[in-house]
Amino acid sequence: ETVAVWNMKSPTDITLRMTLKGHGGWVMAVDLSETTIISGSADETIKVWDTFTGELVRTLCGHRDGVYCLQLQLSHLISGSDDKTLRIWNTNTGECVRVLHGHDSSVICVAVDNRRILSGSIDGNTLAQSGQCNVIISKLSVVLKMEP
């Protein structure tokens, strides 16, 4: 339910700077920039915090289940959830600008570059999507076999 923010002057000189409180469930994902800390929780919300003061800037609501992964990209945030969706948010306004579908189970990881959004799911698929047109570029299925 909290996010710990640490100061790290060196690998051996680490101190707790502040604790961010406000989620109603476990915090399962965090990301940050120079000015913003983002946290996603089992309470279905994403919180945007001021890096310097620790103040809550806004709460993003829209996922229908816990938020497992986050990726901040300039003024946009991509979040993945147990509700099987990815959402693209404008972090300046708090608006959800797009919902991406394609997974059959929880979205547990996401990565972003200037052209693609990659997402992984418990369903064993990795999707590459274009955030601008909501099209699945490719779907990779991975089958893991356990040796007896």
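This text follows the structure it describes.
Rules used throughout
Residues numbered from 1 in each chain as written. Predicted model: local features only at pLDDT ≥ 70, side-chain atom pairs only at ≥ 80, totals over all residues. Heavy atoms only, no water. Pairing = 2+ DSSP bridges. Helix = DSSP H or I, 4+ residues; strand = E, 2+ residues; numbered from the N terminus. Axes fitted to C-alpha atoms, helices over the stretch in contact; angles between N-to-C directions. Patch = residues over 30% accessible without salt bridge, like charges linked within 9 Å, V, L, I, M, F, W, Y side chains within 5 Å. Areas by Shrake-Rupley, 256 points an atom, 1.4 Å probe, with all protein chains shown as cover. Salt bridge = Lys/Arg side-chain N within 4 Å of Asp/Glu carboxyl O. Buried < 20%, exposed > 50% of the residue type's maximum accessible area, 1.4 Å probe, protein only. Core = buried A, V, L, I, M, F, W, Y, C linked by side-chain atoms within 4.5 Å. Contact = heavy atoms within 4.5 Å. 1 Å grid on protein atoms, 1.4 Å probe; cavity = no way out; pocket = protein on both sides within 12 Å on 5 of 7 lines; lining within 4 Å. Points joined across faces, edges and corners; volume = space filled by probe spheres on them. Nonpolar A, V, L, I, M, F, W, Y, C, P; charged D, E, K, R; others polar.

A. Structural context of the sheet that holds strand β8 (residues 76-81). Spatial strand order, β7-β8-β9-β10: four strands in an open sheet with antiparallel pairing. Edge strands, defined here as strands with exactly one partner in the open sheet, are β7 (67-73) and β10 (96-100). Between one strand and the next, the sheet's axes are offset by a mean angle of 20°, whatever the strand orientation. Bridge count between strand β9 (residues 86-90) and β10: four bridges; the pairing is antiparallel. Paired with Arg-87 across the strands is Val-99, a residue of β10.

B. Just a nonpolar patch on the surface, in detail. A contiguous nonpolar surface patch, about 460 Å² in accessible area, is contributed by Trp-6, Met-8, Ile-14 and Leu-16. Sorting the residues of the nonpolar patch by element identifies β1 (2-10) and β2 (13-21) as the ones contributing at least two each. Considering the arrangement of structural elements, one finds Leu-16 in strand β2. Its relative accessible area of 47% is what places Leu-16 among the partly exposed residues.

C. Structural detail: the sheet that holds strand β4 (residues 36-41). Sheet architecture is open: four strands sit in the order β3-β4-β5-β6, paired in antiparallel fashion. Of all strands in the sheet, those bounded by a partner on one side alone are β3 (27-32) and β6 (56-61). Sheet twist, expressed as the average angle between the axes of neighbouring strands with direction ignored, equals 20°. Pairing geometry for β4 and strand β5 (residues 45-50), over five bridges, is antiparallel. Counterpart to Ser-39 in the pairing with β5 is Lys-47.

D. Expanded view of the nonpolar core. Among the nonpolar cores identified, the biggest contains ten residues, and these are Ala-29, Ile-38, Ile-46, Val-48, Leu-60, Val-67, Leu-70, Leu-72, Leu-77 and Trp-89. Taken together, the elements giving at least two residues each to this core come down to β5 and β7. Counting residues per element, this core draws most heavily on β7, which supplies three residues. In contact with Leu-60, other than residues within four places in its own chain, are Glu-44, Thr-45, Ile-46, Val-48, Leu-77, Trp-89 and Gly-94.

E. Spatial organisation of the layout of surface pockets. The calculated volume of the second largest pocket comes to roughly 160 Å³. Along its surface, the second largest pocket is lined by Val-3, Ala-4, Val-5, Trp-6, Arg-17, Val-30, Asp-31, Leu-32, Ile-37 and Thr-51. Mapped onto the lining of the second largest pocket, the elements with two or more residues apiece are β1 and β3. Sorting elements by how many residues they give to the lining of the second largest pocket places β1 first, with four residues. When the residues that make up the lining of the second largest pocket are grouped by side-chain class, the tally is seven nonpolar, one polar and two charged.

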